[in-house]
Amino acid sequence: MASALDVAEYMIIRSMKEAGEDPITNLKVQKLCYYAQGIYSNITKGKKLFKENIEAWQHGPVIRDVYLKYSKRRSGILKSNLDYDDLKLSKKEKEVLDFVYMNYSQYSAWRLREMTHNEAPWKNNFVYGKKQIIPFEDIRDYFDRYVKIV
């Protein structure tokens, strides 16, 4: 099983190689990790990509460990000193991350934030002033029901 930090690093590395005019920030990497968890669950019939909890924060779904690692950059561009081979990801995990990157990185961080704010996992768990865990079952059920991967 991947770690959320490995997933985030993968997205950052890919962004460094391909992003061009819209490099990755902490806000954007959080949303890509959320979508990766949901898409992976959909493809694997309910398995988790990473074990870390996703929480419902004011600006959408957040993985606390990932947030803390990159929070010093504030809203600045994230960079990595790692390469793909440094990450503990299976071939299947990388395929899902590539799918998520190709389909979701085209959106700005703020557009991804808006998208997650309109989805049940965040909407049903967000309480202003609190950082509640979004149950994995909510993510799994939402992506199983509403996200069709062809």
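Placed above this text is the structure.
The present account deals with the structure reproduced in this document. Just so you know, these numbers come straight off a predicted model, no measurement behind them. (Residues numbered from 1 in each chain as written. Predicted model: local features only at pLDDT ≥ 70, side-chain atom pairs only at ≥ 80, totals over all residues. Heavy atoms only, no water.)

**Brief notes about the overall build of the protein**
Threshold: Numbering goes from the N terminus for both helices and strands, where a helix is a DSSP run of H or I of at least four residues and a strand is a run of E of at least two. Using C-alpha atoms as the atom set, the radius of gyration is obtained and then compared with a globule rule of 2.2 Å times the number of residues to the power 0.38. Exposure classes here rest on a 1.4 Å probe applied to the protein chains alone. A residue is buried below 20% of its type maximum, exposed above 50%, and partly exposed in between. Only heavy atoms matter for contacts: two residues are in contact if any of them lie within 4.5 Å across the pair. Residue burial considers only the protein chains on display, and all accessible areas are found by Shrake-Rupley using a 1.4 Å probe. For this count, His and the chain ends are skipped, Lys and Arg are scored as positive, and Asp and Glu as negative. To locate a charge, take atom NZ for lysine, CZ for arginine, CG for aspartate or CD for glutamate.
Scanning the protein from terminus to terminus reveals seven helices and three strands. Starting at the N terminus, the α and β elements of the protein follow one another as α-α-β-β-α-α-α-α-β-α. Its C-alpha atoms give the protein a radius of gyration of 14 Å, near enough to 15 Å, the size a compact globule of 150 residues would have. Based on the C-alpha atoms only, the size of the protein along its principal axes is roughly 35 × 35 × 25 Å. The buried share of the protein, taken over its 150 residues, is 49%. Counting only contacts in the protein whose residues sit at least 6 apart along the sequence, the fraction spanning at least 24 positions is 78%. Carbon together with sulfur atoms contributes 47% to the accessible area of the protein, which is approximately 8,300 Å² in total. A distance of 4 Å separates the average location of the 26 positive side-chain charges in the protein from that of its 20 negative side-chain charges.

**Some details on the packing of aromatic side chains**
Worth spelling out the cut-off: Stacked, tilted and edge-to-face are the three classes assigned to paired rings of Phe, Tyr and Trp, where Trp is represented by its six-membered ring and a pair needs centres within 6.5 Å; plane angles under 30 degrees give stacked, over 60 edge-to-face, the rest tilted.
Enumeration according to the criterion identifies nine aromatic pairs in this entry. Ring centres 5.4 Å apart and planes at 85 degrees place the aromatic pair tyrosine 142 and phenylalanine 143 in the edge-to-face group. As far as the burial class goes, tyrosine 142 and phenylalanine 143 line up, both buried. Seen from their ring centres, tyrosine 142 and tyrosine 146 are 5.2 Å apart, and the 40 degrees between their planes marks the pair as tilted. Taken together, the residues tyrosine 142 and tyrosine 146, both in helix H7 (residues 136-146) and four residues apart, mark about one turn of the helix. The class for tyrosine 142 is buried, based on a relative accessible area of 16%.

**As for the layout of surface pockets**
Stated precisely, the cut-off is as follows: Each cavity reported here is a set of points on a 1 Å grid over the protein atoms alone in which a 1.4 Å probe fits but cannot get out, each pocket an open set with protein on both sides within 12 Å along at least five of seven lines, and each lining residue one with an atom within 4 Å of a point. Grid points are joined across faces, edges and corners, and a volume is the space filled by probe spheres set on the points. Asp, Glu, Lys and Arg are counted as charged, while Ala, Val, Leu, Ile, Met, Phe, Trp, Tyr, Cys and Pro are counted as nonpolar; the rest, among them Gly, fall into the polar class.
Space inside the largest pocket adds up to approximately 450 Å³. Surrounding the largest pocket, 21 residues form its lining, Leu27, Trp57, His59, Val62 and Tyr67 being those nearest its centre. At the level of elements, helix H2 (26-43) and helix H5 (109-117) are the ones that each hand at least two residues to the lining of the largest pocket. Looking at the lining of the largest pocket, its residues break down into nine nonpolar, eight polar and four charged.

**Quick word on the side chain of arginine 14**
Among the secondary structure elements, arginine 14 is positioned in helix H1 (residues 4-18). For arginine 14, a relative accessible area of 10% puts it in the buried group.

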